[in-house]
Amino acid sequence: MAVKPKEAAASPKEAAKPAKETPAPSGPGSLDKLAPYLGPGFVVSLVLVFIGERLLGTIDTARMALSGLGVAGAIGTTALRFSLIAGHKDAERKRIERTLGIFSAVGLVSLGLYFIANTEVGRGLVGIADAAPDKRARFDGATTVAWIVLAGLSIAPIVFGEAALAPMRRAPRVEVRRIYAAAAAGLTLAFAAAYSALFTYAAGELEIKVDRSYFRTAKASESTKKIISSTTEPVEVRAFFPPLNDVGIEVDAYLADIAKGAPNFKYGFYDRLLYPQLAKDNKVTQDAVLVILKGPSRETLTLDKEMTKAASKLKSLDADFQKALLKAMKDARTAYVTVGHGEVNEGSTSAAEGRSAKLLRRLLEGQNYSVKDLGMPQGLANDVPEDASLVIVHGPTQAFTPEEVSSLERYAARGGKLLIALDPEAKGDMGPLANIAGLAFDPTTLATTDQFFVPRHRNASDKANLITNRFSSHASVSTLSRVSARAVVLMPIPGSLEKKQTDAKVDFVLRSSAGTFGDKNGNFELDGDEKKATFNLGAAVSKPLGDDVNKDKVKGPAETRIFMLSDADCISDLALGFAETNQILFVDAVRWLNGDESYSGEIATPEDVRIQHTKQKDVFWFYGTIIGAPALLLGAGILVTRRTRRAVRRQA
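Residues numbered from 1 in each chain as written. Predicted model: local features only at pLDDT ≥ 70, side-chain atom pairs only at ≥ 80, totals over all residues. Heavy atoms only, no water.

Draft legend 1. Inspection of the overall build of the chain at higher detail. Of the regular secondary structure elements, the chain holds 19 helices and 19 strands. Each of the 652 residues in the chain was classed as buried or not, and the buried ones make up 42%. The contacts of the chain with a sequence gap of at least 6 include a subset with a gap of at least 24, amounting to 72%. With the model as given, the accessible surface of the chain reaches about 35,500 Å², and the carbon-plus-sulfur share is 58%. (Helix = DSSP H or I, 4+ residues; strand = E, 2+ residues; numbered from the N terminus. Buried < 20%, exposed > 50% of the residue type's maximum accessible area, 1.4 Å probe, protein only. Contact = heavy atoms within 4.5 Å. Areas by Shrake-Rupley, 256 points an atom, 1.4 Å probe, with all protein chains shown as cover.)

Draft legend 2. Seen up close, the nonpolar core. Counting 39 residues, the largest nonpolar core has L364, L419, F563 and F586 as the members making the most contacts within it. Listed in part, the 31 residues of the second largest apolar core include F400, A412, L433 and F508. (Core = buried A, V, L, I, M, F, W, Y, C linked by side-chain atoms within 4.5 Å.)

Draft legend 3. Molecular detail of the pattern of salt bridges. Tallied over the entire structure, the rule returns 19 salt bridges. When the shortest N-O distance is used, the salt bridge between E97 and R81 registers 2.8 Å. In this pair, E97 is assigned in helix α4 (residues 91–118) and R81 in helix α3 (residues 60–87), connecting sequence segments 16 residues apart. The exposure class assigned to E97 is buried, which follows from its relative accessible area of 3%. A residue is classified by how much of its surface remains accessible, and R81, at 1% relative accessible area, is buried. For E233, the salt bridge identified is with K294, shortest N-O distance 3.5 Å. Of the two residues, E233 sits in the loop between α8 (222–230) and β1 (235–240) while K294 sits in strand β3 (residues 289–294), which places them 61 residues apart along the sequence. Residue class for K294 comes out buried when judged on its relative accessible area of 12%. Salt bridges sharing partners connect three or more residues here, namely R81, E97 and E162. (Salt bridge = Lys/Arg side-chain N within 4 Å of Asp/Glu carboxyl O.)

Draft legend 4. Geometry of the sheet that holds strand β4 (residues 297–302). With respect to topology, four strands assemble into an open sheet ordered β2-β1-β3-β4, the strand pairing being mixed. Both edges of this open sheet fall to β2 (265–270) and β4, since each of them pairs with a single strand only. Here the average twist between neighbouring strands, direction ignored, is 15 degrees. Pairing between β3 and β4: six bridges, direction antiparallel. Looking at β4, one finds that V289 is bridged to T302. (Pairing = 2+ DSSP bridges. Axes fitted to C-alpha atoms, helices over the stretch in contact; angles between N-to-C directions.)

Draft legend 5. Region of interest: the packing of aromatic side chains. Taken as a whole and assessed by the stated rule, the structure comprises 10 aromatic pairs. Look at Y270 and Y275: their rings are 5.6 Å apart centre to centre, the planes differ by 85 degrees, and that puts the pair in the edge-to-face class. Ring centres of F620 and W621 lie 5.6 Å apart, and the angle between their planes is 75 degrees; on these two criteria the pair is classed as edge-to-face. Of the two residues, F620 and W621, neither departs from the other in class, the shared state being exposed. (Phe/Tyr/Trp six-rings, centres within 6.5 Å; stacked < 30°, edge-to-face > 60°.)

Draft legend 6. Expanded view of the pairing of β2. The pairing of β1 with β2 spans six bridges and is classified as parallel. The residue bridging R238 from the neighbouring strand is G268, located in β2. As a crossover connection, the stretch from β1 through helix α9 (residues 246–260) into β2 is right-handed. (Right-handed = clockwise from strand over helix to strand, strands pointing away.)

Draft legend 7. The arrangement of the environment of V483 in detail. Relative to the elements of secondary structure, V483 occurs in the loop between α16 (478–482) and β13 (489–492). Residue class for V483 comes out buried when judged on its relative accessible area of 12%. Each C-alpha atom, one on V483 and one on N469, is 8.9 Å from the other, the two residues being 14 residues apart in sequence.

Draft legend 8. Examining the side chain of E162 more closely. Secondary-structure assignment places E162 in helix α6 (residues 133–165). Residue class for E162 comes out buried when judged on its relative accessible area of 10%. In this structure, E162 is in contact with G39, R81, L100 and R169, ignoring residues within four places of it in sequence.

Draft legend 9. Geometry of helix α12 (residues 317–329). Spanning 13 residues, α12 covers 18 Å between terminal C-alpha atoms, matching the ideal 18 Å at 1.5 Å per step. Of the residues making up α12, those classed as buried are L317, D318, F321, Q322, A324, L325, L326, A328 and M329. (Expected span 1.5 Å × (residues − 1).)

Draft legend 10. A look at the sheet that holds strand β10 (residues 446–448). Ordered in space as β10-β16-β17, the three strands form an open sheet in which the pairing is antiparallel. Whereas interior strands pair on both sides, the edge strands pair on one side only; in this sheet they are β10 and β17 (532–533). Examined bridge by bridge, strand β16 (residues 516–518) and β17 share two bridges and lie antiparallel to one another. The residue of β17 that forms the bridge with F517 is K532.

Listed below in structure tokens is the structure:
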């Protein structure tokens, strides 16, 4: 007797059960097996087009092969995608494939725009092949932006959607929302990238630049622009930088700012290796070099092509460029600084406290002066050298001999230029030096009863460290006068000046505040017969030349010019390093003395500003770090611990 198989022996009850659910509905036969590869295949096809057109565009054979293969692949995968949609019976899978198919179609539109914009056949189809250059340029720009944006909007959603769909390809059901969310995320990223790129492109086309970074390149100052504008002859700058160099880009912005308002100024950038003969003619043997040309004059300014090394030089670019520019435009001049009388520039035991003149010498060199000493060994007792464009007497502590004073008087009488800064603490009589300018010098130290002083030693003597913003409208202080609302000059322990009987023109360019008094007894307090008043701290003196003077030999303006200060320390390293306004005072005074007042203005130097701590701030930070911060942490710890214990008790 034959035995029946188990399935044949199934009970009628089991036979009545419904059959098990079959796996996910399949697509249209073999096409369903290709579905996982359609998205990657489409993206790879676009990559082949990119390689053929952008990387191997100069090799025709490779370009045609890769681009043709890429285009065929993109069209084929898109066609298969829509065929898959038509054959699917599952409505959810159909929706997903339709969505991905639409993004593939967007990619094909992107390819179409690319070939219209970059092939003669495409341009001919849209009638732009024979258009005017500016119209073609606008068309090329618009189509380039369009095909790049459409390519991004096609690729990103396909990649994200396929990545989300991959784990569900063989599942009975698919999560449509998850696929849509992934595709939407890709679409959002593509839109964000397109927006950022277009915003950056549009911002780049505008001539507006906002730099909020810590590092900044110095901008062209008004003073530099005035120097360029003052010349009628063309000034040319040749910048030798490698292509797309970061330092070169910063320098380009600086030079472009100068060129805006100076028709006689032009500049150009050159690659030293591409223009070897030009580099040789300009004696340039390295990159990052600026050559300033004015007629036969040539000056060189060297930077560094590495941004990390050039950053500090870019901060002082305006000062360095102006210095080289002045050398190219002006003949070198000589400034003599007197020595042998305990002057500030000689250095002393108090030099460490800032009573030195290194910054003053540097500022003079920046104005194209060659600085030399002038004392008895150099012949001061006999006469001032003929090549002197300027003589500076900087805070002597000992009196000049009558012969030396006579020498300076003769120099002033023949059209010389003098800058005299006197010191109230000098032991000798400074009256004869002040008399050269027709002024009287009162060495009584000034102090103030108001808040116009700088605290330095935290005692009563600080009241003699005067600050003032009371400037006249004279050309020697025109820059400070324009910014007097926010600029002050530091005058540490000054004396005062008065006009004597003289036929010279005297302009007191710098005055103290109304709360200042002459501290006769040296206690820095207003007492006795001391009275508050406004005192003269600086004077600009000019005097016509006598008929016996040969004006052709006069250096600078054909008149005597003397600038006098009642405090030598205001142009010492201490004050010049503390206040940039003191540097402006000195530089503008020197410019006025030699007739360069048209160059007056600040020099842009966005260098790091030294942080000044007051004594009270130091005390606050000291106790705050050693007591305040630990106490704060301890208190927070105690509070958290107590709250935790209370919570535990409540739970118990």
